[in-house]
Amino acid sequence: SKNLNTVTTTSDVLNRSGSDCFLKDGKPFQYISGSIHYSRVPRSYWKDRLTKMYMSGLNAIQVYIPWNFHESEQGVFEFEGEKDVEYFLNLANQTGLLVILRPGPYICAEWEMGGLPAWLLHNPNIILRSADSDYLQAVSDWMAVLLTKMRPWLYQNGGNIISVQVENEYGSYFACDYNYLRHLRTLFRFFLGEDVFLFTTDGNTDKELICGTLEGLYATIDFGTDTNITTAFKRQRRFEPKGPPGEIYMWVCVLQVNSEFYTGWLDHWGDKHASVETQKVSRMLEDMLSMGASVNMWVKVLTIVFSADLDSRFPGDPTDKLLAIRDVIKNVRRTSSPKFSYGFVTLKKVGNVSGLLDTLCPQGPVQSHHPLTFEEIKHYYGFMLYRTLLPRNIPDPTPLISPMNGIHDRAYVSVNGVYQGVLERDVTLVMNVTGRQGDQLDILVENMGRVNFGNKINDYKGLLGNLILGNDVLTDWLIFPLDLDAVISGGWPQAGGINVPPKPKTKEGRGPAVYSGILKTPGVAWEHLSQNSPGQVWINGVNLGRYWPKRGPQQTLYVPGTLLSPSLPNNITMLELESEPDHLRVLFMDRPQSKGNKGIEK
Ligand SMILES: *[C@@H]1O[C@H](CO)[C@@H](O)[C@H](O)[C@H]1NC(C)=O
Ligand SMILES: *[C@@H]1O[C@H](CO)[C@@H](O)[C@H](O)[C@H]1NC(C)=O
Ligand SMILES: *[C@@H]1O[C@H](CO)[C@@H](O)[C@H](O)[C@H]1NC(C)=O
Ligand SMILES: *[C@@H]1O[C@H](CO)[C@@H](O)[C@H](O)[C@H]1NC(C)=O
Ligand SMILES: *[C@@H]1O[C@H](CO)[C@@H](O)[C@H](O)[C@H]1NC(C)=O
């Protein structure tokens, strides 16, 4: 097997090379890596994307492993199909790409809860990312499974993994718990062997480097185009002190690693579309490479706003930025896949959510005196409908209040099927309702994804406390966990077979409802959603993501061509949350669109 000399501890690497270099197969080695998130790319595109990265001149990729993607239920490990990370590593190896593995347990990655599974929150006192015993136990159980699978893929064992990151930007987290880092170091060495090259990645400040680094884990930094490279690498030098600072200009190969060079950035709902100037990126990359630094470019992923991939127009296609980067790395041709405009498709109403509960929640509701969270019901994602009866007549508009900001994250409220409006975390915690004693109050609560960074990652979902109506605390709830993904991927609703009679346009004609329709022609496209209401869309049973054109910036969702069938009718299903027209129209177009970026991008 091959001999990777970048091993064991920092001092070993430096002693062996004697010249501040990564050595691979005995020779100085510099990696130029790009990030790719297999958990956000359909498996059918893995090979294509890896090939394009290789053709761009990269010799390595960074790969995050989201724990909650593989163990969404405690003790149930999933590594099949879209989750087959070993198959992904195999494709990368066949393509000729080395791998920098980032197995967490916390990965950030703009991913739900930074990759941590929501079931950790069953213990309300758990201190995540610390030496908390419940947390450590869960981490150890997961790593025993994951790292055992990874071991044969290490370079020294004949695979392509050249280095493994421990935790992620731990220095930015409040806990600063060295016992936790020590536990991880022990665990990683136990399962991966003593000769694995382990590293940490932190922001580029003293505080972050102090709390995020540990002896035996090589300290790397991350930054973007607004950073002075010289200053940043000088700081890294102080924590990995081998070699006087002046040398960085002289050595062709120095151990300077920027683990997340931000070539693009993410969008949040309501923000302007984020972009990073192409020229600046390529100039800085050139500077870093000429210093001999190894660099990973943090690019080509989908974002918190689904499918507006980080400042690249078509997921998987070379952008001008990638092409400029490629010029720097010196390389080849443009290779885009064709996009298609199919025009409008009309969707018919299947029914409102309250009226579809038998289908969407076949197991029936959970009864509880007080509201329960998603985590308490072990329904970690999506939607739950909370139902109770009004305790008295309320002829006049009366405030329905969520004290303590307890709506996580949005709640669509109706009384006897009459839509009343939305309550929203941090934004709207009071609304007026009217009704009669015994009327049915339905509150559909949407989980919009758990906080992924900072001190608030213990992010419970649902109604986190009692609701107050006037002077009454509302009690005696029926709670319906909705299994939309499972029901829709199981073939519901039978498209074309439904015809709900149109209703007169009244106030009642609003609120959460499901729609379906058919697209006959196949291929890659963008789906444009012109209505203002937020919602979600599925194609052939696969959840494409959330849309929210009114808040934006994203106005379109990417439709991967491999989802669409060339011969069968393609089934489109939509959950429309705030408006309830008799039918919806969607437009399939050949380019994405986002707000704040001068409409349609050229
Ligand atoms: C990785 O690719 C190399 C070169 O093609 C091959 O020799 C090696 O067996 C592959 N490793 C694994 C684990 O498949
Ligand atoms: C970065 O900082 C160094 C030293 O502080 C300074 O000499 C250099 O001009 C700066 N570079 C840029 C591009 O601002
Ligand atoms: C919701 O659907 C149910 C069942 O189809 C129907 O009885 C009810 O009137 C609908 N509610 C509204 C507000 O449209
Ligand atoms: C609720 O209704 C009262 C009485 O009509 C009104 O004063 C108040 O502004 C309303 N509150 C909201 C949040 O709409
Ligand atoms: C769409 O749904 C119909 C049944 O409603 C099914 O026969 C067909 O196979 C589905 N299309 C695809 C591409 O799965």
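Residues numbered from 1 in each chain as written. Chains lettered and ligands numbered in written order. Predicted model: local features only at pLDDT ≥ 70, side-chain atom pairs only at ≥ 80, totals over all residues. Heavy atoms only, no water.

(A) Examining the packing of helix H2 (residues 43–55) against helix H4 (residues 85–95) more closely. Contact geometry for H2 and H4: axes closest at 10 Å, N-to-C directions at 30°. By the angle between their axes, H2 is roughly parallel relative to H4. As for the relative orientation of H2 and H4, their crossing is right-handed in sense. Residues Arg-43, Trp-46, Lys-47, Leu-50, Thr-51 and Tyr-54 of H2 touch H4, and the partners they reach there are Tyr-87, Phe-88, Leu-91, Ala-92 and Thr-95. The residue makeup of the contact of H2 with H4, split by class, is seven nonpolar, two polar and two charged. (Axes fitted to C-alpha atoms, helices over the stretch in contact; angles between N-to-C directions. Helix = DSSP H or I, 4+ residues; strand = E, 2+ residues; numbered from the N terminus. Parallel < 35°, antiparallel > 145°, perpendicular 65-115°, else oblique. Left-handed = near helix turned anticlockwise from the far one by under 90°. Contact = heavy atoms within 4.5 Å. Nonpolar A, V, L, I, M, F, W, Y, C, P; charged D, E, K, R; others polar.)

(B) Expanded view of helix H6 (residues 178–192). Between the first and last C-alpha of H6 there are 21 Å, a value that for 15 residues agrees with the 21 Å anticipated at 1.5 Å per step. Within H6 the residues assigned to the buried category are Tyr-180, Leu-181, Leu-184, Leu-187, Phe-188, Arg-189, Phe-191 and Leu-192. In the core, the buried residues of H6 are packed alongside helix H5 (133–150), strand E6 (161–165), strand E7 (198–202) and helix H7 (206–212). With a side-chain oxygen positioned 3.0 Å from the backbone nitrogen of Asn-179, the residue opening H6 is Asp-177. (Expected span 1.5 Å × (residues − 1). Buried < 20%, exposed > 50% of the residue type's maximum accessible area, 1.4 Å probe, protein only. Polar contact = N/O pair within 3.5 Å; in protein donor to acceptor, adjacent residues only side chain to side chain.)

(C) Inspection of the state of the cysteines at higher detail. What the rule picks out here adds up to one disulfide. Across the disulfide, Cys-176 is cross-linked to Cys-211 (sulfur-sulfur distance 2.1 Å). Here Cys-176 and Cys-211 share a disulfide; its torsion about the S-S bond, -90°, makes the bridge left-handed. Residue Cys-176 is found in the loop between E6 and H6, and its partner Cys-211 is found in helix H7; the two are separated by 35 residues along the sequence. (Disulfide = S-S within 2.5 Å.)

(D) Local environment of the environment of Leu-469. Within the fold, Leu-469 resides in strand E21 (residues 468–469). Remark: the alpha-carbon pair of Leu-469 and Leu-390, spanning 79 residues in sequence, is separated by 8.7 Å. Excluding its chain neighbours within four sequence positions, the residues that come into contact with Leu-469 are Leu-390, Pro-391, Ile-394, Thr-398, Pro-399, Leu-400, Val-433 and Leu-474.

(E) Here's a closer look at the sheet that holds strand E19 (residues 440–446). Spatially, E12-E23-E13-E19-E16-E17 is the arrangement adopted by the six strands of the open sheet, whose pairing is antiparallel. Looking at which strands have only one partner, the edges of the open sheet turn out to be strand E12 (366–368) and strand E17 (418–424). In this sheet, neighbouring strand axes are inclined to one another by 20° on average, regardless of whether the strands run parallel or antiparallel. Direction of pairing for strand E16 (residues 410–415) relative to E17: antiparallel, over a ladder of six bridges. Counted as the bridge partner of Val-413 is Gly-421 from E17. (Pairing = 2+ DSSP bridges.)

(F) Local environment of the pattern of salt bridges. What the rule picks out here adds up to 19 salt bridges. The partner of Glu-78 in a salt bridge is Lys-83, with the nearest N and O atoms 3.3 Å apart. Of the residues examined, Glu-78 reaches a relative accessible area of 33% and is grouped as partly exposed. The salt bridge involving Glu-375 is made with Arg-450; its shortest N-O contact spans 2.7 Å. Here Glu-375 is found in helix H12 (residues 374–377), whereas its partner Arg-450 is found in the loop between E19 and strand E20 (462–463), with 75 residues between them in sequence. Here the two residues Glu-375 and Arg-450 agree in accessibility, since each one is buried. (Salt bridge = Lys/Arg side-chain N within 4 Å of Asp/Glu carboxyl O.)

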